[in-house]
Amino acid sequence: MDNKVGIGVIGTGFARRVQIPAFRTCPNAEIVSVASASLENARGTAEEFGIGHFSDDWRETALHVDVHLVCITTPPKLHREMVLFALEHGKHVLCEKPMAMNVAEAEEMADAARLSSRLAIIDHELRFLPGRRVAREMLGKGAIGEVRHAKAIFQAPHRGDPAIPWNWWSDAEMGGGALGAIGSHIIDSFHWFLGAAVTEVFCQLHAHIRERADKSGTVRAVTADDQANMILRFDDSDLVSGATGLVSISMTESPGFRNRVEFYGPEGTLRVDHRGEVFLAKTGDTGFIEIAVDLGAPVDGVADTGFSRGFMSFAPSIIDAIRNGRNQVDEAATFEDGLRVQRVLDASRESSSLGKTLSIGETDRFL
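What comes next is a walk through the structure. As the structure is a prediction and not an experimental result, all values here were calculated from the model.

Rules used throughout
Residues numbered from 1 in each chain as written. Predicted model: local features only at pLDDT ≥ 70, side-chain atom pairs only at ≥ 80, totals over all residues. Heavy atoms only, no water. Salt bridge = Lys/Arg side-chain N within 4 Å of Asp/Glu carboxyl O. Helix = DSSP H or I, 4+ residues; strand = E, 2+ residues; numbered from the N terminus. Buried < 20%, exposed > 50% of the residue type's maximum accessible area, 1.4 Å probe, protein only. Core = buried A, V, L, I, M, F, W, Y, C linked by side-chain atoms within 4.5 Å. Pairing = 2+ DSSP bridges. Contact = heavy atoms within 4.5 Å. Axes fitted to C-alpha atoms, helices over the stretch in contact; angles between N-to-C directions. Phe/Tyr/Trp six-rings, centres within 6.5 Å; stacked < 30°, edge-to-face > 60°. Lys NZ or Arg CZ within 6 Å of the ring centre and 35° of its normal.

### Let's talk about the pattern of salt bridges
Consideration 1: Here the structure, examined in full by the defined rule, presents 18 salt bridges.
Consideration 2: Residue Arg-260 pairs with Asp-273 through a salt bridge whose shortest N-O separation is 2.8 Å. Here the residue Arg-260 occupies a position in strand β13 (residues 258-265), and Asp-273 occupies one in the loop between β14 (268-272) and β15 (278-282), the gap between them amounting to 13 residues. This pair shows no difference in class: Arg-260 is buried, exactly as Asp-273 is.

Quick look at the structure:
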């Protein structure tokens, strides 16, 4: 491809804050269309970034003659239809996580991606944090020995404010909730770091804020979780044998933001913080030492939670792959990866409902 990669963006939330600014730093990319269910939001985004076309009909963006890559950043309820439409019409696809509402949808989407010659990937941008890549390499080289246990802690206090309006994030029917939004990232991260699938899960989901007023002032029930706690077991891989995992996700806990993963082995502990900071404590040490890593660049003007740094590193790889006729991006999450994550999410919801540990039913190894 000699010309720029034309990008069509569907959704004006995360895309407006992170994806559009990150893609605009890529010299061979151009945002040519943006769509939103709200024409006002689409127009405002187009005006803010100088985008030539906007619409409240996402199909117009997907079908735009100059769009090569469709970025889907809508609520999960809409992902399946949009992904299948874009692939059917020969577009490359970057889909937000979680990829689907359930395994049945995810399987259909993965099948379509498999049959397509186009790039089809999930936006698990944390794989592209430079520090996480360093940590993964350290694990692979045996920095702490065989991994026995993995732990993830995510805390973001802002949804603890009951004055935040009810929106799709509060609605389980639209795919809202902490498990899908954050649990999908954590499960994908564990799969990617360890090269091992989650095989069992015990999960408890909870909503601490049970009602919110919508924009009209009508008080509505919150049906999606704002807290998720999970106990995991992993399949064996080159890095793990009989390993366990622990996940704590809260969108209401104070005082500040934390997104941390930790790995424990017989020779020490490896920790990665939200911007990709890497810390190592060898067995017998009394504390961690920080490993010098390049943290990459964040998007200016947004909270530096690590996600924008990851996408700033991810975006050029996407553009490079499309320009060079490749339907894969090295280390990016495929739709098959998204399906594996979806299996864990579905089992987690069922586990919470039944109050018992469930097998995922899939133990294939992958790296």
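### Some words on the nonpolar core
Consideration 1: With 49 residues, the main nonpolar core has Phe-190, Leu-194, Met-230, Leu-232, Phe-234 and Phe-263 as its most contacted residues.
Consideration 2: It is helix α7 (residues 178-194) that contributes the most residues to this core, 10 residues altogether.
Consideration 3: Counting residues in hydrophobic clusters, the runner-up holds 32 residues, among them Ile-31, Ile-121, Val-299 and Ile-318.

### Brief notes about the sheet that holds strand β11 (residues 227-234)
Consideration 1: On the basis of which strands lie adjacent, the open sheet formed by nine strands has the order β16-β15-β14-β13-β7-β12-β11-β8-β18 and mixed pairing. If you trace the sheet from one side to the other, it starts and ends with β16 (289-291) and β18 (358-359), each paired once.
Consideration 2: Sheet topology places strand β8 (residues 198-206) next to β18; two bridges connect them, and they run antiparallel. For Val-201, the partnering residue across the bridge sits in β18 and is Leu-358.
Consideration 3: In the packing of helix α6 (residues 130-140) onto the sheet, contacts are made with β7 (147-155), β13, β14, β15 and β16, and the angle to β14 comes to roughly 160 degrees.
Consideration 4: Packed onto the sheet, helix α9 (residues 335-354) meets β8, β11 and β18 and runs at close to 50 degrees relative to β8.

### A closer look at the packing of aromatic side chains
Consideration 1: According to the stated counting rule, one finds nine aromatic pairs in the structure shown.
Consideration 2: With a centroid separation of 5.2 Å and an interplanar angle of 85 degrees, the aromatic rings of Trp-58 and Phe-85 are classed as edge-to-face. You can see Trp-58 sitting in helix α3 (residues 58-63) and its partner Phe-85 sitting in helix α4 (residues 79-88), a full 27 residues away along the chain. For the pair shown, Trp-58 and Phe-85 are each scored as buried.
Consideration 3: With 5.8 Å between their ring centres and 75 degrees between their planes, Phe-311 and Phe-314 make a pair best called edge-to-face. Of the two residues, Phe-311 and Phe-314 both sit in helix α8 (residues 307-323), three residues apart, roughly one turn of that helix. Side by side, Phe-311 and Phe-314 carry an identical accessibility label, which is buried.
Consideration 4: Site record: aromatic cluster; members linked through ring pairs are Phe-190, Trp-192, Phe-193, Phe-234 and Phe-263.
Consideration 5: Against the face of Phe-279 rests Arg-271, its NZ or CZ located 4.1 Å from the ring centre.
Consideration 6: The ring of Phe-288 is capped by Arg-271, whose NZ or CZ atom sits 5.0 Å from the centre of that ring.

### Observations regarding unusual backbone geometry
Consideration 1: In the segment running from Lys-97 into Pro-98, the intervening peptide bond is cis, with an omega of -15 degrees.
Consideration 2: Along the polypeptide, Pro-98 turns up in the loop between β5 (92-95) and α5 (103-115).
Consideration 3: Phi is positive for Glu-331, which is not a glycine, with a value near 75 degrees.
Consideration 4: Position of Glu-331 relative to the elements: it lies in the loop between α8 and β17 (333-334).
Consideration 5: Looking at Glu-331, the relative accessible area reads 32%, which means it is partly exposed.

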